[in-house]
Amino acid sequence: MIEILLVLCMAVMLVMVFGNVMLRMLFNTGIDISEELPRFAFVWMTFLGGIIGLYRRNHLGVDIIVQALPIAGRKICWTISQVVILICALVIFYGTWMQHDILKMTQSPVAEISMLWVFGVSYVTGAAIALICVSNLVRLAMGDIRDDELIEVLEEGMDEALDAARSTQAQEEKR
């Protein structure tokens with residue numbers, strides 16, 4: 001569902017910006033709302049993309065130290081990162097709640113829609129990211145986290161490096 005919204009946001013951005021450029025070049029005119037809607041779609045796309053990035057574990061990170069740690073150390077680091085992300089998600093949600101009345105009363109200059117429709121997506125993002133983190137922490141407490149989930153960074157060639165590290169670790173444990 002979120003992916004569909006991302007595609008819609010991208011389509012709105014493409015059509016509105018391209019259409020406005022063509023109108024300005026060919027007819028020396030434009031659509032006023034095409035300045036605001038792509039910007040609003042970009043805000044939504046960014047916030048919703050953050051949810052997908054966390055859920056799919058596709059976000060950026062530096063894992064060189066975590067890879068060198070034993071499983072217990074990886075679990076500790078992973079727990080700390082999930083707690084920090086959870087706190088940030090709650091701050092996003094709470095900050096939006098604190099700004100709710102201001103956003104509700106403020107209207108965009110051209111479209112004259114409540115800015116809550118633009119920045120209210122941070123309610124969704126904060127809540128969704130918090131739920132993902134709580135779910136991850138519960139899974140960790142229940143012992144349902146796989147070892148490969150403890151390294152958050154996924155990149156090309158990473159599987160081979162992880163397999164080599166695991167085989168080296170297994171050989172050392174046999175000694």
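A.B. asks: Tell me about the overall build of the chain, and please be specific about residues and values.
C.D. replies: When you go through the chain residue by residue, the secondary structure sums to seven helices and zero strands. Starting at the N terminus, the α and β elements of the chain follow one another as α-α-α-α-α-α-α. Scaling as 2.2 N^0.38, a compact globule of 175 residues should have a C-alpha radius of gyration of about 16 Å, whereas the chain reaches 22 Å, well beyond that. Its C-alpha atoms give the chain principal-axis dimensions of roughly 75 × 40 × 25 Å. When the 175 residues of the chain are sorted by exposure, 31% land in the buried category. Taking contacts inside the chain between residues at least 6 apart in sequence as the whole, the part at least 24 apart equals 73%. Entry remark: accessible area of the chain is about 11600 Å², with carbon and sulfur atoms responsible for 69%. The average position of the 12 basic charges and that of the 19 acidic charges among the side chains of the chain differ by 4 Å.

A.B. asks: Tell me about the pattern of salt bridges, and please be specific about residues and values.
C.D. replies: For the structure on display, the rule yields two salt bridges. Glutamate 35 is paired through a salt bridge with arginine 24; the nearest N and O atoms lie 3.6 Å apart. Of this pair, glutamate 35 sits in the loop between helix 1 (2–27) and helix 2 (37–56) while arginine 24 sits in helix 1, and the two are 11 residues apart along the sequence. For glutamate 35, a relative accessible area of 43% corresponds to the partly exposed category.

A.B. asks: Hey, could you go over the side chain of serine 34 for me, with residue numbers and the actual values?
C.D. replies: Here serine 34 shows up in the loop between helix 1 and helix 2. Within polar-contact distance, the side chain of serine 34 engages the side chain of asparagine 20 at 3.0 Å. When residues no more than four places from it in sequence are discounted, the contact partners of serine 34 are Met16 and Asn20.

A.B. asks: Can you lay out the side chain of asparagine 136 for me, pointing to particular residues and giving the numbers?
C.D. replies: When you line up the elements, asparagine 136 lands in helix 6 (residues 121–142). A polar side-chain atom of asparagine 136 sits 2.9 Å from a polar atom in the side chain of arginine 139. Ignoring anything within four residues of it in the chain, the contact list for asparagine 136 reads Trp78, Gln82 and Ile145.

A.B. asks: Explain the confidence of the model for the chain to me, using residue names and the numbers behind them.
C.D. replies: Interpretation of the predicted coordinates at a detailed level should be avoided for regions scoring low in pLDDT. Confidence along the chain averages 89 in pLDDT terms, with 94% of residues attaining 70 or more. Mean pLDDT across the elements of the chain ranges from a minimum in helix 7 (residues 158–174), with 74, to a maximum in helix 6, with 96.

A.B. asks: Let's hear about the packing of aromatic side chains: which residues, and what values?
C.D. replies: The relation between two aromatic rings is expressed through the spacing of the ring centres and the mutual angle of the planes. In this structure the tally under the stated criterion is two aromatic pairs. Between tyrosine 94 and tryptophan 97, the aromatic rings sit 5.8 Å apart at their centres with planes inclined by 35 degrees, giving tilted as the arrangement. Residue tyrosine 94 and its partner tryptophan 97 are located together in helix 4 (residues 71–105), separated by three residues, close to a single helical turn. Since its relative accessible area comes to 47%, tyrosine 94 is described here as partly exposed. With relative accessibility at 51%, the residue tryptophan 97 sits in the exposed group.

Thresholds, definitions, all that
- Residues numbered from 1 in each chain as written.
- Predicted model: local features only at pLDDT ≥ 70, side-chain atom pairs only at ≥ 80, totals over all residues.
- Heavy atoms only, no water.
- Helix = DSSP H or I, 4+ residues; strand = E, 2+ residues; numbered from the N terminus.
- Rg over C-alpha atoms; globule rule 2.2 N^0.38 Å.
- Buried < 20%, exposed > 50% of the residue type's maximum accessible area, 1.4 Å probe, protein only.
- Contact = heavy atoms within 4.5 Å.
- Areas by Shrake-Rupley, 256 points an atom, 1.4 Å probe, with all protein chains shown as cover.
- Lys, Arg positive; Asp, Glu negative; His and termini not counted.
- Charge placed at Lys NZ, Arg CZ, Asp CG, Glu CD.
- Salt bridge = Lys/Arg side-chain N within 4 Å of Asp/Glu carboxyl O.
- Polar contact = N/O pair within 3.5 Å; in protein donor to acceptor, adjacent residues only side chain to side chain.
- pLDDT = per-residue confidence, 0-100.
- Phe/Tyr/Trp six-rings, centres within 6.5 Å; stacked < 30°, edge-to-face > 60°.

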